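So you can see what is in the structure, the chains are spelled out below.
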Amino acid sequence: MSSVLEQMSSAVSNAPAVLQKMKRNTGCRMIGFFHPVIPEELIYAAGIHPVRLFPYFDDSITLADSQLQTFLCSYLRAEWDQIVKGKYPYLDGAIIPRSCEAVTFLYQTWRRHNPYQFIDYINVPWKRSENAISFFAKELGRVKRDLEKFTGREISKDSLSSAIEVYNRNRELLKKVHDLRKSKPPFISGLQAYHVVMSSFVLDKREHNGLLEQLLTELSRRPQSLKAEVRLLLSGGCVIDSRLWGMIESGRAMIVADDVNNGSRTFWHFVEDRTNDPLEALAKRYATVPCGFNTSIADRFKYISEMITEYEANGVIFAINKNCESEKFVYPELDKKVKDKLHVPTLNIETDYLIDMAPLRTRVEAFVESLKV
Amino acid sequence: MVEKKKRERPAFNRSIAAAISKHYKDVQTNKPMAYLLMASNPLVEIAYAARIQPAFPENYACACAAGHASAGYCETAEAYNYSPDICSYCRNHLGYIYGPGENPPTGGIGEPDLLLITSSACTHYFKWWDALHEIYGKPLIFINTPRVMEPQSKPDFYMDYAMREIEQAIGEIEKAVGVKITNDKLSEAVKLSGEVVDYWQKLLEMQKAVPCPMDYSDLSNALFVLIVLAGTQEGVDLMRETYNETKQRVNEGKGILSKDEERHRLLWINIPFWYKLGIFGYFEDRGCVFPLSDYTHHIWGTTRMDGSKPIESLARKALEGELNTSVDDQIDKLLKDAKEYHIDGVIAHSNRSCRVLSVGMLDAVDIIREELNIPALVLDCDHTDERVYSDAEIMNRIDAFLEMLA
């Protein structure tokens, strides 16, 4: 494995320690958030380190049960469990988006149990009209003022533009890495790509950009050594269990493209037209992130069909977390379209926090074997 | 042994039953017909102003559950890959679409010409209408409004956005059905809706009386008028009839139970079990009534409607219902009302199908229990999918709660 990939993988596996060390060394504040619809640039421009919240896979859920019912998303329950157990001492607050109900209503549960100083809520629009973008820009302005109050310093237009530059560069580099999976065989595996993207949720974006530049240089010098007889697209919400990515790729298949919150949805779209009003530019960009909750079936199909074609995927695996109602609602019609219009075979598997991989492995292996390439 | 009594229900229930029956005939025959959702929904008045027949798949799910048809419809939906994790209102409807059977309850709900949706409830509805758009290929018109997490400090631009969304939707509806929605027509619908709301608010106020004049199932019936007939003269007439009869009952000291029989006044949190409405009779036989519920008191009919300001009234309606606010707002209202309605116990339905009303409920119950020093019982169940309901388990827990209450 490349040394840069090892660094990225290590940052993901040891995220709490990495973040704790960053906090100790720099003294920076840190704000957590869910889903790729929160404009991180706002947080970054406020001089705060944004941290995408995912649970660590090391503890069963116990304390969260007294606040969140078991019929809610287990990743969110695991995350909340770890928060109330004090496993995120580096966090100074959180910003919660209007997304699925479990996340949306965590806002006041979070505030009531008050583990951190700052809590805010962003009404992410569920449409992309001019009216919706204009509203979203004003909503971002409100959150900007809240962040300024919290830090005691203004977020200038220049600092926001500069943050957008850094984030756009990150997207550009992540897309370049993603594009290395187009070749036959791909230059990097799906699991490696998972670590590349997930590490961007931990490390400082400028540092991550440096690592990505090094990685691209390393990969351009490295001979292709991977095999991908079957090329898969992975679709779902938060597909954050690395064991699943590894298990899918343990045979003759490779994940060459993805449609997940912790994958392409994070970096696919760029912030454009930022010269005039950076907030409006951010609003336009973040309203187009194709998450399960805010995106129509037609738009989701367009997104994944372009990806299936461009990355020449032979099959699609829908890996949907138990109780993820948004993704589960989209799945039946989306699946039908992929099969009927693209004639691409699909498999649906249900994931869960700390799920046993063995039964899933049997189904994935049978699916991969069934694909004629 | 507790005696099971047959009690005389308020007469307005018969008039409402006739209106429900007429509504389900209308949705089969009147054109154009649109699917709408039952949240605090500004599109109901707009539909009536445009002479569009509204139909409500959630209400149909309640009717199917009451007729014990929902479990079969949910199973059919699951056979079409709609997971049991999805709200049973939605699965009930999708199951009906894919396999209505020979005799669907109420004769069915018909195929829509138009799909009208707001975001003032939950993501499920947005996804539900999007799936219907794929299935039927009919125009989908969507009003997106912000969720109001902090009602006390709601920014002005939230109202501006909601009003612009409504104006835009009116234009889209006019284009879709080829009908001009004049200011006069819209004002009239909003004015009539306001009259229904005024009667509704007075009706709820009377629930504070001892003995309680109506039980949860009576109020749930009256909700049909408040939601489905908002913006019609028929709705005003029915709600007036409901109000007048209830007022008379209060004046005469008539309750669901007599003053001597009424021993406990309980708060029900969340939606009832539509397939098991008889459960309220079980409570009545044991001296308990439900004068208050967030479902009947805080979701709908909370906005005063002004016919001279139709767009503003409709925007406020979209923003103010409990489904569009926050858990803290719900808790504040319940704490205030529990005192005014003389509540001495809480039954909370932790409803796996309704996340909007269930996420945060465990906190809400803890707070109410502590602040008011009253007992509370949480029941894990589902509003429509009868397969989730376990009679032995639920009744066991209720009996234990009632023993403690006594």
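Now for a description of the structure that goes with this document. This one's a predicted model, so the numbers in the text were calculated from it and none came from an experiment.

## Some remarks on the environment of methionine 395 of chain B
Consideration 1: By the element assignment, methionine 395 of chain B lies in helix H17 (residues 391-405).
Consideration 2: Once residues lying within four places of it in the same chain are set aside, the contact partners of methionine 395 of chain B are Ile279, Tyr282 and Tyr389 of chain B.

## Observations concerning the packing of helix H7 (residues 130-151) of chain A against helix H13 (residues 278-286) of chain A
Residues and elements named next belong to chain A.
Consideration 1: The geometry of H7 relative to H13 is characterised by a closest axis approach of 8 Å and an angle of 120° between their N-to-C directions. Of the two possible hands of crossing, H7 and H13 adopt the one that is right-handed. Note on element contacts: H13 touches H7 through Leu279, Glu280, Leu282, Ala283, Lys284 and Tyr286, opposite Ile133, Phe136, Ala137, Leu140, Gly141 and Lys144.

## Overview of the interface of chain A and chain B
Consideration 1: Contacts between chain A and chain B engage 54 residues on the former and 53 residues on the latter.
Consideration 2: Overall, the association of chain A and chain B removes approximately 4600 Å² of surface from exposure, summing both partners, and the carbon and sulfur fraction of that is 55%.
Consideration 3: Where chain A packs against chain B, one counts nine salt bridges.
Consideration 4: Its salt-bridge partner being lysine 328 of chain A, residue aspartate 85 of chain B comes within 2.6 Å of it at the nearest N-O pair.
Consideration 5: For the pair chain A and chain B, the number of links is 32 residue pairs in polar contact (both at pLDDT 80 or more).
Consideration 6: Looking at the side of chain A that touches chain B, the elements with two or more residues in it are helix H5 (101-104), helix H6 (106-113), H7, helix H14 (297-310) and helix H15 (325-342) of chain A.
Consideration 7: Sorting elements by how many residues they give to the side of chain A that touches chain B places H15 of chain A first, with 11 residues.
Consideration 8: Taken together, the residues of the side of chain A that touches chain B break down into 19 nonpolar, 18 polar and 17 charged.

## What to know about the sheet that holds strand E7 (residues 315-321) of chain A
All names here are of chain A.
Consideration 1: Taken in spatial order, the four strands line up as E6-E5-E7-E8 in an open sheet, and their pairing is parallel. The open sheet has two edge strands with one neighbour each: strand E6 (253-259) and strand E8 (346-351). The mean inter-strand angle of the sheet, taken between neighbouring strand axes irrespective of direction, is 30°.
Consideration 2: Two elements, strand E5 (residues 230-236) and E7, share five bridges in a ladder whose sense is parallel. Bridge assignment links leucine 234 to a residue of E7, and that residue is isoleucine 317.
Consideration 3: Packing of H14 onto the sheet brings it into contact with E5, E6 and E7, and relative to E6 it is tilted by some 145°.

What counts and what doesn't
- Residues numbered from 1 in each chain as written.
- Chains lettered and ligands numbered in written order.
- Predicted model: local features only at pLDDT ≥ 70, side-chain atom pairs only at ≥ 80, totals over all residues.
- Heavy atoms only, no water.
- Helix = DSSP H or I, 4+ residues; strand = E, 2+ residues; numbered from the N terminus.
- Contact = heavy atoms within 4.5 Å.
- Axes fitted to C-alpha atoms, helices over the stretch in contact; angles between N-to-C directions.
- Left-handed = near helix turned anticlockwise from the far one by under 90°.
- Buried area = accessible area lost by both parts, 1.4 Å probe.
- Salt bridge = Lys/Arg side-chain N within 4 Å of Asp/Glu carboxyl O.
- Polar contact = N/O pair within 3.5 Å; in protein donor to acceptor, adjacent residues only side chain to side chain.
- Nonpolar A, V, L, I, M, F, W, Y, C, P; charged D, E, K, R; others polar.
- Pairing = 2+ DSSP bridges.

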